[in-house]
Amino acid sequence: MSGRRLAGSALLCAALAAPASAQLPGAGVSVPSPASDPVRVVVIDPGHGGHDPGSVGPEGIEEKDVALAAGLALARALDTIPDLEVHLIRDRDVSIPVWERGDIATRLKGDRPGVMVSIHVNALDDPGTRGVETYFLSQARTDHERRVAALENAPADAPGDGGVIRYDDPGLAFILNELRNLDYMHWSSDLAALVQDGLAEVHPGRNRGVKQAPLAVITNALMPSVLVELGFITNPAEEQLLADPDFHQDAAQAMAGALVEFFRRYPPGGGTRRDEP
C-alpha cells in the first residue's frame, strides 16, 4: 500500500470518527423553534454503504466513505441553524437499499416542509476529468447524465435488472408527471442551483453545473430533492481532495448555506428570514 493511499485513508478515518448529532432514520435531532416559524426537515443521504462501496479511486478511497464523511459534516453544520430538524439515512457503514431511501426521507419529513440531499462522488474512465455537479430528478438529456444515472442506480444490493430506470419506462413518466403536479421538480431545480453555486465556490475543480437524470435514490422522495456529485474519485488529485476533512467541512458549510437560502423561499410564503451559518 502506497504512502499516498495511507494518507487518504487516515484523513477519512479522522473525518468519520468525528461525532455527529443527527442519527439514523427516526432519530434525528430537533432544534426547538418558535411557534411562528415551523421546523423544516433536512434528510441527508450519504450514498452507498456496507457491502456497496460505490466508486473506488486509484489509491483505494471508496465513495461510501467520502459520502458518509461529507454527510456527517453537513449534519454538524446544520445542527447550528435554528428551526431545522436533521436526519441521516445512515450514520455508519451500513447498507440501505437504494430504492428505500426516498421512502425513508418522505416518512421522516411527514407533513412538514423538507428537503433531501443525497451525497455521492463521480467516476469516469478518463482520469483527467474533475469537478462538481448537482442533479435533480428528471429525464436525462445527455450521454453523461445517462451514464451517471446508470452508475448510481445499480448498487450491489439492487434487485432484478440492477435497479436501473429505463429512459422509456412508463412508470418513470408517471412519477415525473406526479412530481411536476406537486411542483417538486421546479423546487428541486432551484435547490440544485443554490447547492451547485455554493459548492462551486469551495471546489477547486470545474463547475460542471446543474444536471438532471432519473436517479433511483431520490425517485420516491416527495419533497425537493437533489443528488450531489462532490467530485471525480477517478481523478488522482480529486481523490485526495475528496478524502480531506477540510474539504468536507467547506462543502458542508456551502451546502448548509444553500439550504438556509432555499428555506427562505420554500414553502412559498412560509417562515421568516434567517441568518446564514
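If you're wondering where the values come from, they're calculated on a predicted model, not measured in any experiment. (Residues numbered from 1 in each chain as written. Predicted model: local features only at pLDDT ≥ 70, side-chain atom pairs only at ≥ 80, totals over all residues. Heavy atoms only, no water.)

### Section: the packing of aromatic side chains
Link 1 in the chain: For the coordinates displayed, the defined rule picks out four aromatic pairs.
Link 2 in the chain: Ring pairs connect the aromatic residues Trp 187, Phe 262, Phe 263 and Tyr 266, which therefore count as one cluster. (Phe/Tyr/Trp six-rings, centres within 6.5 Å; stacked < 30°, edge-to-face > 60°.)

### Notes on the nonpolar core
Link 1 in the chain: Counting residues in hydrophobic clusters, the biggest one holds 50 residues, and the most contacted among them are Ile 44, Leu 78, Ile 119, Leu 199, Leu 230 and Met 255.
Link 2 in the chain: In this structure, Met 255 is in contact with Leu 74, Val 117, Ile 119, Val 195, Leu 199 and Val 228, ignoring residues within four places of it in sequence.
Link 3 in the chain: By size, the runner-up hydrophobic cluster in this structure holds 22 residues, among which are Ile 96, Val 148, Leu 215 and Val 217. (Core = buried A, V, L, I, M, F, W, Y, C linked by side-chain atoms within 4.5 Å. Buried < 20%, exposed > 50% of the residue type's maximum accessible area, 1.4 Å probe, protein only. Contact = heavy atoms within 4.5 Å.)

### So, helix α3 (residues 98-109)
Link 1 in the chain: Taken together, the buried positions of α3 are occupied by Val 98, Arg 101, Gly 102, Ile 104, Ala 105, Leu 108 and Lys 109. Down the axis of α3, the buried side of the element spans an arc of 160 degrees, and every buried residue falls inside it.
Link 2 in the chain: Residue Gly 110 follows α3 closely and has a positive phi angle near 60 degrees. (Helix = DSSP H or I, 4+ residues; strand = E, 2+ residues; numbered from the N terminus. Arc of directions from axis to C-beta.)

### Concerning the environment of Ala 243
Link 1 in the chain: Its location among the elements puts Ala 243 in the loop between α8 (236-242) and α9 (245-265).
Link 2 in the chain: For the pair formed by Ala 243 and Glu 62, sequence separation is 181 residues and the distance between their alpha carbons is 9.1 Å.

### Let's talk about the confidence of the model for the protein
Caution applies to low-pLDDT parts of the model: their predicted coordinates are not meant to be read in detail.
Link 1 in the chain: Averaged over the protein, the pLDDT score is 81; the fraction of residues at 70 or greater is 73%.
Link 2 in the chain: Below pLDDT 50 for its whole length, residues 1-8 participates in eleven contacts with residues either more than four positions away or in separate chains.
Link 3 in the chain: Low pLDDT (under 50) marks residues 21-36, which in the prediction has 44 contacts with non-local residues, meaning those over four places away or in another chain. (pLDDT = per-residue confidence, 0-100.)

### Re the side chain of Asn 235
Link 1 in the chain: By secondary structure assignment, the location of Asn 235 is in the loop between β7 (225-232) and α8.
Link 2 in the chain: Note on Asn 235: relative accessible area 7%, which makes it buried.
Link 3 in the chain: Among the polar contacts listed, one links the side chain of Asn 235 to the backbone nitrogen of Glu 238, at a separation of 2.9 Å. (Polar contact = N/O pair within 3.5 Å; in protein donor to acceptor, adjacent residues only side chain to side chain.)

### Regarding the pattern of salt bridges
Pairing between side chains becomes possible if they bear opposite charge and their charged atoms approach one another.
Link 1 in the chain: Considering all chains together, one arrives at nine salt bridges under this definition.
Link 2 in the chain: Glu 85 is the partner of Arg 112 in a salt bridge, and the nearest nitrogen-oxygen pair spans 2.8 Å. With a gap of 27 residues between them, Arg 112 in the loop between α3 and β4 (114-122) and Glu 85 in strand β3 (residues 84-88) connect regions that are remote in the sequence.
Link 3 in the chain: Note on Arg 112: relative accessible area 27%, which makes it partly exposed.
Link 4 in the chain: Residue Glu 85 is classed as buried on the basis of its relative accessible area of 8%.
Link 5 in the chain: Residue Glu 261 pairs with Arg 265 through a salt bridge whose shortest N-O separation is 3.2 Å. Here Glu 261 and its partner Arg 265 are both found in helix α9, four residues apart, which amounts to about one turn of the helix.
Link 6 in the chain: Relative accessible area serves as the criterion here: at 19%, Glu 261 is assigned to the buried category.
Link 7 in the chain: Salt bridges here are not isolated pairs; linked through shared partners, they connect Glu 62, Lys 64 and Asp 93. (Salt bridge = Lys/Arg side-chain N within 4 Å of Asp/Glu carboxyl O.)

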